[in-house]
Amino acid sequence: KKELYHLEQAAIGGHPKARYNVGCEDKKNGRMDRAMKHWIIAATLGCDDSIDALKVCFRAGIGNKDDFAATLRAHQAAVEATK
């Protein structure tokens, strides 16, 4: 419980890996919509693990192609900006 609180605080602070981990916790708790939102935000911040998680979801039919395409473009832009 305390771990989740600190993960959420780090995610609010803009840490992409923490945002990804909060999404994983939401998935474990059966809240896929919320998990996907966290992964989309983390992916737009450049988190590769979030892109991988979103790929699995979209292949399973969760979410739509347009959202994934927009997230992928934002991820690529974030990665380019850090080079």
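Everything below is about the structure shown above.
Model, not experiment: these values are computed from the prediction.

J.: Quick question: what am I supposed to make of the environment of Gly61 here?
T.: You can see Gly61 is positioned in the loop between α4 (48-59) and α5 (65-81). On the basis of relative accessible area, Gly61 is assigned to the exposed category, the value being 57%. A sequence separation of 28 residues divides Gly61 from Asp33, and the C-alpha atoms of the two residues are 13 Å apart.

J.: Would you mind going over helix α2 (residues 16-28) with me for this structure?
T.: The α-helix advances 3.6 residues per turn, and as a result positions three or four apart in sequence lie on the same side. Its 13 residues give α2 an end-to-end C-alpha distance of 19 Å, which sits within 8% of 18 Å, the value for a rise of 1.5 Å per residue. Within α2 the residues assigned to the buried category are Ala18, Arg19, Tyr20, Val22, Gly23 and Asp26. Residues of α2 that are buried make contact with α1 (2-12), α3 (32-44) and α4. One or two positions beyond α2, positive phi appears at Gly30, with a value near 85°.

Scoring rules and cut-offs
- Residues numbered from 1 in each chain as written.
- Predicted model: local features only at pLDDT ≥ 70, side-chain atom pairs only at ≥ 80, totals over all residues.
- Heavy atoms only, no water.
- Helix = DSSP H or I, 4+ residues; strand = E, 2+ residues; numbered from the N terminus.
- Buried < 20%, exposed > 50% of the residue type's maximum accessible area, 1.4 Å probe, protein only.
- Expected span 1.5 Å × (residues − 1).
- Contact = heavy atoms within 4.5 Å.

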